[in-house]
Amino acid sequence: MSEAAQHQLIVSVSPHIKSEETVSQIMWTVSAALLPAFLASAYFFGPRGLIVQLVTIASCLAFEAFSQKVVNKPVTLSDGSAFLTGLLLAFNLPANIPLYVPIVGSFVAISITKHLFGGLGYNIFNPALVGRAFVLISWPRQMTTWMAPVSSFTSVDVVSQATPLNVAKLDGMAKLLEQFDGSKIQLYKSLLMGQISGSLGETSALLILIGGLFLLFKKYITWHVPVPFIATVVIVALVTGNDPVFHLLAGGLMLGAFFMATDYVTGPATRRGQIVFGVMCGLLTMLIRLKGGYPEGVMFAILIMNCFAPLLDRRLRTTTFGAVKKKEAST
Amino acid sequence: MKTGTFERGTHPPDSKEFTAAKPLVTAKVPKRVIIPLSQHIGAPCQSKVQVGDTVKKGQVVGQADAFVSAPVHATVSGKVVAIMPYPHTLGRDVPSVVIENDEKEEWVDGLTENPDYLSLDAEAMKASVRQAGIVGMGGATFPTHVKLSPPKEKKIECVILNGAECEPYLTADHRMMIEEADEVVAGLKVLMKIVGVDRGYIGIEENKPDSIKSMEEACRNEPSIEVYSLHTKYPQGAEKMLIKAIVGREVPAGGLPMDVGVVVQNIGTAVAIYEAVRYGRPLVERVVSVTGRGISEPKNLRVRIGTPLSSLIEECGGFKYDSGKVIAGGPMMGMAQSNLDAAVIKGTSGVLVLSPEESETPPHGPCIRCGRCIDVCPMGLQPAMLSVLAEAGMYEDMKEYDLMNCFECGTCAYVCPSKRPIVQWVKLAKMNLAQKK
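Sequence order sets the numbering: in each chain, residues are counted from 1 along the sequence as written. Just so you know, chain letters begin at A and ligand numbers begin at 1, following the order they were written in. The predicted nature of this model means local features are confined to residues of pLDDT at least 70 and side-chain atom pairs, given and counted, to a pLDDT of 80 or more, with totals for whole chains, interfaces and linings taken over all residues. Each side-chain value is derived from all of the structure's non-hydrogen atoms; neither hydrogens nor water enter the calculation.

Draft legend 1. Region of the structure containing the overall build of chain A. The helix and strand tally for chain A stands at 17 helices and one strand. Our radius of gyration looks at C-alpha atoms and nothing else; its globule reference is 2.2 Å times the residue count to the power 0.38. Relative to a compact globule of 331 residues, whose C-alpha radius of gyration would be 20 Å, chain A shows 22 Å and is just as compact. Dimensions of chain A, computed from the C-alpha atoms along their principal axes, are close to 85 × 55 × 30 Å. Whether two residues are in contact is decided by their heavy atoms: any pair within 4.5 Å suffices. Sequence separation of at least 24 residues holds for 75% of the intrachain contacts in chain A that already meet a minimum separation of 6. Here a helix means four or more residues in a row that DSSP labels H or I, a strand means two or more in a row labelled E, and each is numbered from the N terminus.

Shown next, in the form of structure tokens:
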């Protein structure tokens, strides 16, 4: 009894056990899934690519700390969310971008899009994508001057080249195929492996896909967003007589479908909402690609759908256990 | 053997290893027992004894006239030394009858044995159950005779015995199914007779293969009883999930098992029912798992109701650490205790002692809308939405998200990577809404 009396009792509400998974674990694992594409971008675009990556990530971390200090919140750099935003923003930039662009982009992404809306969990729009949209509109020329991949890490010859989507849009598929000796297989192969010009991280569809499959395997994401998104793009391409494989592999579709549209905070949380979200992202992407002024539509498609995420969660509710039967019983 | 499960749910470590292999032992009967006058859902009992009265084991010390109530009995023979508010495992102090044990262990007169109990008629059986003060012993503590009295228009088709014991750590039902298998089956047969059905099921999670084997053995000659092996998944033992797993029916939201023709009873309750009908014995003891990393010698104890938690801790070698949580019940739905003078009641299935590290409440962050809680909620709710609304104090809006269908199983809060205290908020919201009424 005396022993029991000395024992200090801790009291809290159930449940008294919690799973080991944490938010920072999720963020760092998603970042790790982008590692293959990160390394590939350094390989394809050389030191310049690496510099853009590091500047963007460092800026995002700095603005995260700054924004949290300003509003007297604890600084939470170790949760990995700002790091991940930096990584994703850099993936959306050309390798030869002037370095003030990623810095401004990081400010817009972290300080404005994320923290002005309340910080992690409260932002409506995907921070990396708003950062990118802002710099694309502010510096349209620099943001669309693409560097062709370099043949080795040490080579410094920078050749400007339009992206495949751009060429296909402005000059047609025939013109694009000329760059690949008229061989579609060659084009697909280059798109898959990343030997094309484009943003840092979205060039190799294959490496992004590997990262995406890793997240699926880890159950950090599910098929409910990426599969409807990608399938819609392919179906629209088929229906409109465009090359579905090209639309699948070119541009930022893989990155968008697996890493941006699946962002927890800015997408729907219900599975039904996610399917609609994915389909709508696919439709908007193809609408912009085929009819819009920009060659690529993934970014705007996701940003537009971000606005609808809360509405989708409200309208496409889960079904409460026993709810259907109750209705039947009352009629 | 048939298997089954329900949709969603989660897989916390089952942590049964502390006591799964430990046979039931009878705990020391304490010098004093504390009999709370409310150990059930429903009307609290009025004391039927005075301070100074001599009582015998099994004598009624508290009773209420209301139908939804259950009498409480002296669990030792001795003298009533106090009738006063006393700490209670479910939180608030509750008027309780304190009895000093004279260690004579004299049963009250007039307990009727019925060797031929199965030939009793259903009403007589039900009366025995009511007199014995039996309530749901899995923790819900709903008076059993009420559950066994469905209105005429609800046709009951089967009885399910709940041997899922999905709460981690707890092994009380597990051990009873091994050591008292025949009593369990006898109890089930009484139940089937009371509600007039010829279909009985026993659902057991597959992490208890020895229990499954033992129950199958005991049901060898019972063609009307079937043992189901259920997936080990929390909260498999929740009444609605159990029914879904075995008969495939969904209890309507806001409804009761009887709405789909099912009566569910806990394993311990079945044994108590058998003892009440066969021997006329009131409910005076139950099995309690005393377990966890914070207790020196985890045990499965047969405990006299009214035994203070501190006596059980002592019986199990005392605490291993100088701080920690002591939980009445399991880790998912049990109540952390603030006073170890509180006594074991009819619904106390376990006393779980956590180590200091395990007792820490991690700081919680914002909801990142990852949807894990939605994926696991056995009731198909959107806990993420409930948590955000509760945090903002928007309790009225929570009703639109079926707040009232949440039975606080804790699955959402268990999986939440932001460690949000979702159950705490849900309880708070329900309390607030109840006060407004």
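Draft legend 2. View of the interface of chain A and chain B. Residue-level contacts link 46 residues of chain A with 69 residues of chain B. Note on chain A versus chain B: buried area summed over both sides is about 4,900 Å², and carbon and sulfur give 56% of it. For salt bridges, the criterion is a side-chain nitrogen of Lys or Arg within 4 Å of an Asp or Glu carboxyl oxygen. Across the chain A-chain B interface, the total number found is four salt bridges. In this structure, the salt-bridge partner of Arg317(A) is Glu400(B), at a minimum N-O distance of 3.6 Å. Any pair of nitrogen or oxygen atoms within 3.5 Å is treated as a polar contact; in protein, a donor-acceptor pairing is required on top of that, and neighbouring residues in sequence qualify only through side-chain atoms on both sides. Remark: the boundary between chain A and chain B carries 27 residue pairs in polar contact (both at pLDDT 80 or more). Mapped onto the side of chain A that touches chain B, the elements with two or more residues apiece are helix 1 (2-6), strand 1 (8-9), helix 2 (23-33), helix 16 (298-315) and helix 17 (323-330) of chain A. Under the grouping applied here, Gly and all other residues not named as nonpolar or charged are polar, the nonpolar ones being Ala, Val, Leu, Ile, Met, Phe, Trp, Tyr, Cys and Pro and the charged ones Asp, Glu, Lys and Arg. Here the side of chain A that touches chain B is composed, by residue class, of 20 nonpolar, 15 polar and 11 charged. Pairing of strand 1 of chain A with strand 16 (residues 323-324) of chain B involves two bridges; the strand directions are parallel. Bridge pairing in strand 16 of chain B places Leu9(A) opposite Gly324(B). Buried surface area refers to the total accessible area, computed with a probe of radius 1.4 Å, that the two partners give up upon joining, counted for both partners together. Whether two strands pair comes down to DSSP finding at least two bridges between them.

Draft legend 3. Layout of the packing of aromatic side chains. Residues and elements named next belong to chain B. Each pair of aromatic rings taken from Phe, Tyr and Trp, with Trp reduced to its six-membered ring, is defined by centres within 6.5 Å and is described as stacked if the planes are under 30 degrees apart, edge-to-face if over 60, and tilted in the remaining cases. Tallied over the entire structure, the rule returns nine aromatic pairs over all chains. Taking 5.7 Å as the distance between ring centres and 20° as the angle between the ring planes, the aromatic pair formed by Phe18 and Tyr169 counts as stacked. Of this pair, Phe18 sits in the loop between strand 1 (2-4) and strand 2 (24-26) while Tyr169 sits in the loop between strand 10 (158-163) and helix 3 (172-179), and the two are 151 residues apart along the sequence. As far as the burial class goes, Phe18 and Tyr169 line up, both buried. What links up through ring pairs into an aromatic cluster is the set Tyr117, Tyr274 and Tyr279. Charge over a ring is defined by NZ of Lys or CZ of Arg lying within 6 Å of the ring centre and within 35 degrees of the ring normal. Over the face of the ring belonging to Phe6 we find Lys233, whose NZ or CZ atom lies 4.5 Å from the ring centre. For the cation-ring pair, Arg281 lies above Tyr279, with the distance from its terminal atom to the ring centre recorded as 4.7 Å. The buried label goes to any residue with under 20% of its type's maximum accessible area, the exposed label to any with over 50%, and the partly exposed label to all in between, with areas taken from a 1.4 Å probe on protein chains only.

Draft legend 4. Layout of the environment of Phe18(B). Residue and element names in this part refer to chain B. Look at Phe18 and you get buried, because its relative accessible area is 18%. Sequence-wise, Phe18 and Gly294 are 276 residues apart; in three dimensions their C-alpha atoms are separated by 11 Å. If near-sequence neighbours (up to four positions away) are discounted, Phe18 is found in contact with Tyr169, Thr291, Gly292, Arg293 and Pro298.

Draft legend 5. Region of the structure containing the sheet that holds strand 15 (residues 299-304) of chain B. Residues and elements named next belong to chain B. Taken in spatial order, the six strands of this open sheet run 2-15-14-19-17-18, and their pairing is mixed. Sheet topology places strand 2 and strand 18 (335-336) at the edges, where each strand pairs with a single neighbour. Here three bridges tie strand 2 to strand 15, and the two strands are oriented parallel to one another. From the neighbouring strand, Val25 faces strand 15, where its bridge partner is Leu301.

Draft legend 6. Expanded view of empty space enclosed by the protein. All names here are of chain A. Space inside and on the surface of the protein is sampled on a 1 Å grid over the protein atoms alone, with a cavity defined as a set of points where a 1.4 Å probe fits but cannot get out and a pocket as an open set with protein on both sides within 12 Å along at least 5 of 7 lines; lining residues have an atom within 4 Å of a point. Grid points are joined across faces, edges and corners, and a volume is the space filled by probe spheres set on the points. Under the defined criterion, the tally for this structure stands at four cavities of 30 Å³ or more. The wall of the largest cavity is formed by 22 residues, among which Met27, Leu84, Leu88, Asp263 and Tyr264 lie closest to the centre. Elements supplying a minimum of two residues to the lining of the largest cavity: helix 2, helix 4 (81-91), helix 6 (127-138) and helix 14 (253-260). Top element by residues in the lining of the largest cavity is helix 4. It accounts for four residues. Of the residues that constitute the lining of the largest cavity, the class distribution is 15 nonpolar, five polar and two charged. Domain delimitation follows an automatic or database domain assignment. Counting residues domain by domain, the lining of the largest cavity receives three or more from each of domain 1 (23-142) and domain 2 (170-315). Taken as a whole, the second largest cavity holds about 120 Å³ of empty space.

Draft legend 7. Main features of the nonpolar core. In this structure, Phe229(A), Phe246(A) and Phe259(A) are the most contacted members of the largest nonpolar core, which totals 83 residues. The leading source of residues in this core is helix 16 of chain A, at eight residues. Composition of this core by domain shows at least three residues from each of domain 1 (23-142) and domain 2 (170-315) of chain A. Throughout, nonpolar core names a set of buried Ala, Val, Leu, Ile, Met, Phe, Trp, Tyr and Cys residues whose side chains join them through atoms within 4.5 Å. Counting 46 residues, the second largest nonpolar core, distinct from the first, contains Leu24(B), Met176(B), Met177(B) and Val271(B).

Draft legend 8. Geometry of the pairing of strand 10 of chain B. Residue and element names in this part refer to chain B. The buried fraction of strand 10 amounts to six of the six residues, a majority that puts the element mostly inside the structure. Judged by which residues are buried, strand 10 turns out to be covered on both faces: Cys158, Ile160 and Asn162 on one side and Val159, Leu161 and Gly163 on the other are all buried. Relative to strand 13 (residues 262-266), strand 10 runs parallel, the two being bridged by five bridges. For Asn162, the partnering residue across the bridge sits in strand 13 and is Asn266.

Draft legend 9. Spotlight on the pairing of strand 11 (residues 200-205) of chain B. All names here are of chain B. Among the six residues in strand 11, six count as buried, and that is most of the element. Relative to strand 11, strand 10 runs parallel, the two sharing five bridges. Each residue of the ladder has a partner; that of Ile160, found in strand 11, is Tyr201. Here six bridges tie strand 11 to strand 12 (residues 225-230), and the two strands are oriented parallel to one another. Directly across from Gly200, in strand 12, lies its bridge partner Ile225. What joins strand 11 to strand 12 is helix 5 (residues 209-218), and the crossover it makes is right-handed. With strands facing away from the observer, any crossover in which the path from the first strand over the helix to the second runs clockwise is taken as right-handed.

Draft legend 10. Representation of the domain arrangement of chain B in the model. Residues and elements named next belong to chain B. Domain parsing of chain B yields domain 1 (2-21 + 113-279) and domain 2 (372-436). If you average the C-alpha positions of domain 1 and of domain 2, the two centres end up 29 Å apart. With 15 residues of domain 1 at the contact, the number on the domain 2 side is 13 residues. Carbon and sulfur atoms supply 64% of the area that domain 1 and domain 2 bury against each other, a total of about 920 Å² over both sides. Summed over the shared surface of domain 1 and domain 2, the number is zero salt bridges.

Draft legend 11. Local environment of the domain arrangement of chain A. Residue and element names in this part refer to chain A. Structurally, chain A comprises domain 1 (23-142) and domain 2 (170-315). For domain 1 versus domain 2, the separation of C-alpha centres amounts to 20 Å. Taken residue by residue, the interface counts 35 residues in domain 1 and 31 residues in domain 2. Carbon and sulfur atoms supply 76% of the area buried between domain 1 and domain 2, which totals about 2,800 Å² over both sides. Applying the counting criterion to the domain 1 and domain 2 interface returns zero salt bridges. Applying the counting rule to domain 1 against domain 2 returns four residue pairs in polar contact (both at pLDDT 80 or more).

Draft legend 12. Expanded view of the layout of surface pockets. Put simply, the second largest pocket is a space of about 770 Å³. If you trace the second largest pocket, you find 31 residues lining it, with Lys218(A), Lys219(A), Tyr220(A), Arg372(B) and Asp375(B) closest to the centre. Mapped onto the lining of the second largest pocket, the elements with two or more residues apiece are helix 15 (271-291) of chain A together with helix 10 (372-376) and helix 13 (411-415) of chain B. Top element by residues in the lining of the second largest pocket is helix 10 of chain B. It accounts for three residues.

Draft legend 13. Quick look at helix 4 of chain A. Residues and elements named next belong to chain A. The element helix 4 is largely enclosed, with a buried count of 10 among its 11 residues. Buried residues of helix 4: Ser81, Ala82, Leu84, Thr85, Gly86, Leu87, Leu88, Leu89, Ala90 and Phe91, and no others. Among the structural elements, helix 2, helix 3 (35-70), helix 5 (100-115), helix 6, helix 11 (205-217) and helix 14 are those in contact with the buried residues of helix 4.

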